[in-house]
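The lines below spell out each chain.
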Amino acid sequence: MTPDNPTGSPRFALLTEATMTPRQRESYQGIVSGPRKGARGPFNALLRSPEVADRFQSTIPAALNEMAILITGRFWGAQYEFWAHSRLARTAGLPDPIIDAIAENRRPAAMTDDQRIVHDFCTELFRDKTVSDATFKAAVERFGEHGVIDLIAASGYYSIVSMVLNVDRYPLPAGERPPLET
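So, here's what we can say about the structure. Here the structure is a predicted model, which is why all the values come from computation and not from measurement. (Residues numbered from 1 in each chain as written. Predicted model: local features only at pLDDT ≥ 70, side-chain atom pairs only at ≥ 80, totals over all residues. Heavy atoms only, no water.)

## Description of the packing of helix α4 (residues 62-76) against helix α8 (residues 133-168)
Where α4 meets α8, the axes come as close as 9 Å, and the angle between the chain directions of the two elements is 40°. Considered as vectors, α4 and α8 are oriented oblique to each other. As for the relative orientation of α4 and α8, their crossing is right-handed in sense. Contact residues: Leu64, Asn65, Ala68, Ile69, Thr72, Gly73 and Trp76 in α4; Phe143, Leu151, Ala154, Ser155, Tyr158, Ser159, Ser162, Met163 and Asn166 in α8. Its residues assigned to classes, the contact of α4 with α8 comprises nine nonpolar, seven polar and no charged. (Axes fitted to C-alpha atoms, helices over the stretch in contact; angles between N-to-C directions. Helix = DSSP H or I, 4+ residues; strand = E, 2+ residues; numbered from the N terminus. Parallel < 35°, antiparallel > 145°, perpendicular 65-115°, else oblique. Left-handed = near helix turned anticlockwise from the far one by under 90°. Contact = heavy atoms within 4.5 Å. Nonpolar A, V, L, I, M, F, W, Y, C, P; charged D, E, K, R; others polar.)

In structure tokens, the structure reads:
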């Protein structure tokens, strides 16, 4: 429960397979049969548009893709998004000091070259609504043009997810503390 969500419940009613359209059911099956093994978080709301709910794939290595998602969640102040993806980021190998720094809205002190490229790219994208020539060049040299598009797509897709979670007022699991200070 929060002051903005005194009931602690989402705004979108829970969909069941029995109430889903065939296209929603198809998307749902794709979500639950994938690595997530469930359709928690934003997916109940996103299934209202199955085309949006279908998962985004990336050529960016998992830990770096999760870093981009965390930067996105931090930008939007999306508590559930950040909570869920901080767990996935740890599993993918992103170090806790980096996750903590992003949560605190500060630049991580120690990063690999790849982490620095992703951090700079995503941070500039949200802050400046574009990236500098130097940041673009570094990202293309490391990840190729395909990878740059994947970083932009992850930032955009998880912006949508973060907005959905925020509008839905999707709560954290019972007993979990919000990972982001507002």
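## Looking at the nonpolar core
Counting 25 residues, the largest nonpolar core has Leu94, Val118 and Leu151 as its most contacted members. The set of elements that each furnish at least two residues to this core consists of α4, α5 (79-92), α6 (96-103), α7 (113-128) and α8. Take this core: its biggest share by element is six residues, from α4. Ignoring anything within four residues of it in the chain, the contact list for Leu94 reads Ala63, Met67, Leu70, Ala89, Ile99 and Gln115. (Core = buried A, V, L, I, M, F, W, Y, C linked by side-chain atoms within 4.5 Å. Buried < 20%, exposed > 50% of the residue type's maximum accessible area, 1.4 Å probe, protein only.)

## Observations regarding the pattern of salt bridges
Counted under the stated rule, the structure contains seven salt bridges. Notably, a salt bridge pairs Asp120 with Arg116, separated by 3.8 Å at the nearest N-O pair. With Asp120 and Arg116 both in helix α7 and four residues apart, the pair spans about one turn of that helix. Classification of Arg116 as partly exposed rests on a relative accessible area of 33%. Among the salt bridges present, the one from Lys137 reaches Glu141, with a minimum N-O distance of 2.9 Å. In this pair, Lys137 and Glu141 are both assigned in helix α8, four residues apart and thus about one turn of the helix distant. For the residue pair Lys137 and Glu141, the accessibility class agrees, reading exposed in each case. (Salt bridge = Lys/Arg side-chain N within 4 Å of Asp/Glu carboxyl O.)

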